[in-house]
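Below are the chains, spelled out letter by letter.
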Amino acid sequence: MTTIKFVEASGREIVTTVNRETTLMELAVAHNIEGVLAECGGACVCATCHCYLEENYSESIGEPAPIELMMLDEVLNLKESSRLACQVDITSDLDGLVVTITPIA
């Protein structure tokens, strides 16, 4: 089991667990996380799943692919820890990860 905590822009925290292959976006949608719109369904063409990830997990997550970097160039409130949840596969290495959902502008 991998535990992921989502923190919505309102401050509400939702702790989730998963034991199958999925992405952060799919997990967020399954748990109705506010602010994860996922309009493109994970195709990396809309950036409506923009979030901030804890930096101490960056090695486990890896670097964003060029297409993700292009989409991140279009988001508001970009930070060094910004990622698109649709591009982050959940593995056991991410157990305990805190994902902060960005405010919807």
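Structure first, text after, so check above.
Presented here is a report on the structure given in the accompanying data block.

Here is what the cut-offs are and how they apply
- The residue numbering used here restarts from 1 in each chain and proceeds along that chain's sequence as written.
- Reporting of local features is limited, given that this is a predicted model, to residues whose pLDDT is at least 70; pairs of side-chain atoms are given and counted only at 80 or more, and all residues count toward the totals for whole chains, interfaces and linings.
- Water and hydrogen atoms were dropped before computing side-chain values, which therefore reflect all heavy atoms in the structure.
- By definition, any uninterrupted DSSP run of H or I lasting at least four residues is a helix, any uninterrupted run of E lasting at least two residues is a strand, and each is numbered from the N terminus.
- Any residue under 20% of the maximum accessible area for its type is buried, any over 50% is exposed, and the rest in between are partly exposed; the area is computed with a 1.4 Å probe on protein chains only.
- In what follows, salt bridge is the name for a side-chain nitrogen of Lys or Arg lying within 4 Å of a carboxyl oxygen of Asp or Glu.
- As used in this record, nonpolar core signifies buried Ala, Val, Leu, Ile, Met, Phe, Trp, Tyr and Cys residues forming a set joined through side-chain atoms within 4.5 Å.
- What makes two residues a contact is simply this: any of their non-hydrogen atoms within 4.5 Å.
- In this analysis, strands are considered paired if DSSP registers two or more bridges between them.

### Focus: unusual backbone geometry
Here comes step 1: Unlike most non-glycine residues, Cys-44 shows phi in positive territory, near 60°.
Here comes step 2: One can find Cys-44 in the loop between helix 1 (24-30) and strand 3 (50-53).
Here comes step 3: Look at Cys-44 and you get buried, because its relative accessible area is 3%.

### Here we look at the environment of His-31
Here comes step 1: Looking at where His-31 falls in the secondary structure, it is placed in the loop between helix 1 and strand 3.
Here comes step 2: In this structure His-31 comes out as partly exposed when scored by relative accessible area, which is 33%.
Here comes step 3: Along the primary structure His-31 and Val-15 are separated by 16 residues, whereas in three dimensions their C-alpha atoms are 9.4 Å apart.

### Side note on the pattern of salt bridges
Here comes step 1: Applying the stated criterion to the full structure yields 3 salt bridges.
Here comes step 2: In this structure, Lys-5 and Glu-13 form a salt bridge, with 3.4 Å as the shortest nitrogen-oxygen distance.
Here comes step 3: Across the pair Glu-8 and Arg-12 runs a salt bridge, and its minimum N-O distance is 2.9 Å.

### What about the nonpolar core?
One broad trend across soluble globular proteins is that nonpolar side chains are buried collectively.
Here comes step 1: Judged by nonpolar contacts, the single largest core of 30 residues is most densely connected at Ile-4, Phe-6, Leu-24 and Val-99.
Here comes step 2: Contributions of two or more residues to this core are made by strand 1 (2-7), strand 2 (13-18), helix 1, strand 3, helix 3 (66-72) and strand 5 (97-101).
Here comes step 3: When residues of this core are assigned to their parent elements, the largest contribution, 4 residues, is made by helix 1.
Here comes step 4: Those residues in contact with Ile-4 that lie beyond four places of it in its chain are Ile-14, Val-15, Thr-16, Leu-24, Leu-27, Ile-90, Leu-94, Leu-97 and Val-99.

### A short note on the side chain of His-50
Here comes step 1: When you line up the elements, His-50 lands in strand 3.
Here comes step 2: What makes His-50 buried here is its relative accessible area of 4%.
Here comes step 3: Contact partners of His-50, with chain neighbours within four places excluded, come to Leu-72, Val-75, Leu-76, Asn-77, Leu-78, Ser-82, Arg-83, Leu-84 and Thr-102.

### Some thoughts on the pairing of strand 5
Here comes step 1: In terms of burial, strand 5 is largely enclosed, as 4 of its 5 residues are buried.
Here comes step 2: Pairing of strand 1 with strand 5 involves 4 bridges; the strand directions are parallel. The partner of Val-7 across the bridge, within strand 5, is Thr-100.

### Some points on the pairing of strand 3
Here comes step 1: Where burial is concerned, the two faces of strand 3 agree: the one with His-50 and Tyr-52 and the one with Cys-51 and Leu-53 are both buried.
Here comes step 2: The sheet contact formed by strand 3 and strand 4 (residues 82-84) spans 3 bridges and is antiparallel. Paired with Tyr-52 across the strands is Ser-82, a residue of strand 4.
Here comes step 3: In this structure, strand 3 lies alongside strand 5, joined through 3 bridges in antiparallel fashion. Pairing of Tyr-52 across the sheet is with Thr-100, part of strand 5.

Structural measurements only, silent on function.
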